[in-house]
Amino acid sequence: MSSRSTPSPGVDCLTPRLGASAMSGRPKKRPKGKTPNGGPARLVGLPKVCPAKKAMKRRGNLFSQIIDRDNIELAYYKARKGKAWQRTVKRIDNNRDEALSRLQNDLGAERFTTSPYKIKKIYEPKERDIYILPFYPDRIVQHALMNVLESIWTPLFIYDSYACIPGRGLHAGSRRTMEFVRRYKYFLKCDISKFYPSINHDIMYSIVEQKIKCKPTLRLIRDVIYSIPGGRNVPIGNYTSQWKGNLYLNELDMFIKQRLRVKGYIRYCDDFCLFSNYKQELQKWRDEIRGFLWNQLKLCFSKAELAPVSQGVDFLGYRHFPNKILLRKSTARRVRRRLAKLPHLYRSGRINLEQYRSSIASTWGWLQWANTYNFRIAIQLQELQEDVDGLRHTEAVQ
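The notes below deal with the structure included here. This is a predicted model, so every value here is computed, not measured. (Residues numbered from 1 in each chain as written. Predicted model: local features only at pLDDT ≥ 70, side-chain atom pairs only at ≥ 80, totals over all residues. Heavy atoms only, no water.)

1. Things to note about the sheet that holds strand S10 (residues 318-321)
Right, on to step 1. Strand order in the open sheet formed by three strands is S9-S10-S11, and the pairing between neighbours is antiparallel. Because the sheet does not close on itself, it has two edges, and the strands there are strand S9 (313-315) and strand S11 (324-327). Pairwise comparison of adjacent strand axes, ignoring direction, gives a mean angle of 25° for this sheet.
Right, on to step 2. Note that S9 and S10 share three bridges and pair antiparallel. Looking at the pairing, valine 313 lines up with histidine 320 of S10. (Pairing = 2+ DSSP bridges. Helix = DSSP H or I, 4+ residues; strand = E, 2+ residues; numbered from the N terminus. Axes fitted to C-alpha atoms, helices over the stretch in contact; angles between N-to-C directions.)

Pasting the structure below:
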């Protein structure tokens, strides 16, 4: 593996120029009015924060926690959740104690290595490859790893990062987006081209090394990162991948918040939005972010849309307007198609009543966060709910 580290963000970041006012502890204020790019006046004379050089405590002595039997037991139950019907899971269930003891010994002796992947292609919501690892030992090991690392990595993430963080998610992100839509006049919406397949292994590992110093833990993380050949790609389907993706783009978050000083910023996975009252400011940020992504993370935009918020911000599956939230058109089409098939799937025996009920309930849960009254009528959601309730009553009587 290359011993390279993450490239520095720039000479000006490493050698800030401090004036007399900074030395005295009193920042010099810019004259009242606008900055050259049309934005509001800001304080100057303060040192710039360099994300890659920000002081942080590296954590050690983690491996004993990872291979602790209680942690492996917990990882087993997490990996098993919702998959108890699978043959491979049932096989481990029948000999659980022996299997988990063997796994603990293999991890302790550093004999574990990631298994070969099976690749499955999916087409919704877009075409992509899903990489599948065996339940035993791989999925259990990845849960055991994240049981320990989650509490270390989560505090590193900014407030307005909403993917893969306990207590946050799509709907919390949507509410926050509405705050920005009502506060600012313009938005810049960006997403990254083929994000997970483009993640550079060497850069990913160097970012992990900035936070972790426990050598056996690093060896285990390294094994997972480099389990795909070619120097790139964090496999979609690995439990650890969503966390690694968040950690990778946390470098971008630090650049935007600390270097560019953007207040109106929100990210979910590789989709992110910036907000401002000045178009010129967003254009300038777009150019700086494009350079940072390529120079530091070897990533590039697939889209960078700049528009007034009155046009609607299409983000997190919803279209956000200052006075309402609508469902994204592509999402509405998928919901309509899926619900239309449910009664036939149930009556032909391809899904059971619980699956029928769960699909209706999840749709209700998704639609309640937007202005969808007319859409719910159009897809006859209430009628489908009454059909499920009637079937459940009949089943209970029998």
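2. A short note on the environment of tyrosine 268
Right, on to step 1. As for its placement among the helices and strands, tyrosine 268 is situated in strand S6 (residues 264-268).
Right, on to step 2. With a relative accessible area of 22%, tyrosine 268 lands in the partly exposed category.
Right, on to step 3. A sequence separation of 106 residues divides tyrosine 268 from tyrosine 162, and the C-alpha atoms of the two residues are 5.2 Å apart.
Right, on to step 4. Filtering out sequence-adjacent residues up to four positions away, tyrosine 268 remains in contact with Tyr162, Ala163, Gly169, Leu170, Phe315 and Leu316. (Buried < 20%, exposed > 50% of the residue type's maximum accessible area, 1.4 Å probe, protein only. Contact = heavy atoms within 4.5 Å.)

3. Some words on the packing of helix H10 (residues 201-211) against helix H11 (residues 215-225)
Right, on to step 1. Packing of H10 against H11 brings their axes to within 10 Å, and their N-to-C directions diverge by 160°. Viewed along their axes, H10 and H11 adopt a mutual orientation that is roughly antiparallel. As H10 runs across H11, the sense of the crossing is right-handed. Of the residues in H11, those in contact with His201, Met204, Tyr205, Val208 and Glu209 of H10 are Leu218, Ile221, Arg222 and Ile225.
Right, on to step 2. Considering only residue class, the contact of H10 with H11 consists of six nonpolar, one polar and two charged. (Parallel < 35°, antiparallel > 145°, perpendicular 65-115°, else oblique. Left-handed = near helix turned anticlockwise from the far one by under 90°. Nonpolar A, V, L, I, M, F, W, Y, C, P; charged D, E, K, R; others polar.)

4. Describing the packing of aromatic side chains
Right, on to step 1. Within this structure, the stated rule accounts for 14 aromatic pairs.
Right, on to step 2. Ring centres of phenylalanine 272 and phenylalanine 301 lie 6.4 Å apart, and the angle between their planes is 45°; on these two criteria the pair is classed as tilted. Taken together, the positions of phenylalanine 272 in strand S7 (residues 271-276) and phenylalanine 301 in strand S8 (residues 301-308) put the pair 29 residues apart, joining distant regions of the chain.
Right, on to step 3. Overall, the relative accessible area of 15% leaves phenylalanine 301 in the buried class.
Right, on to step 4. An aromatic cluster is built from Tyr76, Tyr77 and Phe135, whose rings are joined through pairwise contacts.
Right, on to step 5. Of note, arginine 222 hangs over the ring of tyrosine 226, and the distance from its end group to the ring centre comes to 4.7 Å. (Phe/Tyr/Trp six-rings, centres within 6.5 Å; stacked < 30°, edge-to-face > 60°. Lys NZ or Arg CZ within 6 Å of the ring centre and 35° of its normal.)

5. Observations regarding the pattern of salt bridges
Right, on to step 1. Inspection of every chain in the model, using the stated rule, returns 20 salt bridges.
Right, on to step 2. Of the charged contacts, one joins aspartate 160 and arginine 176 as a salt bridge, the two residues approaching to 2.8 Å between their closest N and O atoms. Taken together, the residues aspartate 160 in the loop between helix H7 (135-153) and helix H8 (170-183) and arginine 176 in helix H8 connect sequence positions 16 residues apart. An identical accessibility class is assigned to aspartate 160 and arginine 176; each is buried.
Right, on to step 3. The closest approach of N and O atoms between aspartate 387 and arginine 347, which form a salt bridge, is 3.1 Å. On the criterion of sequence distance, the pair formed by aspartate 387 in helix H17 (residues 381-397) and arginine 347 in helix H14 (residues 329-347) is long-range, its members being 40 residues apart.
Right, on to step 4. The exposure class assigned to aspartate 387 is partly exposed, which follows from its relative accessible area of 24%.
Right, on to step 5. Members of the salt-bridge network, linked through shared partners, are Arg69, Glu73, Arg96 and Asp97. (Salt bridge = Lys/Arg side-chain N within 4 Å of Asp/Glu carboxyl O.)

6. Points about the nonpolar core
Right, on to step 1. Within the largest apolar cluster, 69 residues are counted, with the highest numbers of intra-cluster contacts made by Trp153, Leu274 and Ile289.
Right, on to step 2. The leading source of residues in this core is H7, at 11 residues.
Right, on to step 3. Contact partners of isoleucine 289, with chain neighbours within four places excluded, come to Leu252, Phe255, Ile256, Leu260, Phe272, Leu274 and Phe301.
Right, on to step 4. Ranked by size, the runner-up nonpolar core spans 22 residues in total, among them Val335, Leu339, Phe375 and Leu391. (Core = buried A, V, L, I, M, F, W, Y, C linked by side-chain atoms within 4.5 Å.)

Coordinates in, geometry out; function isn't part of it.
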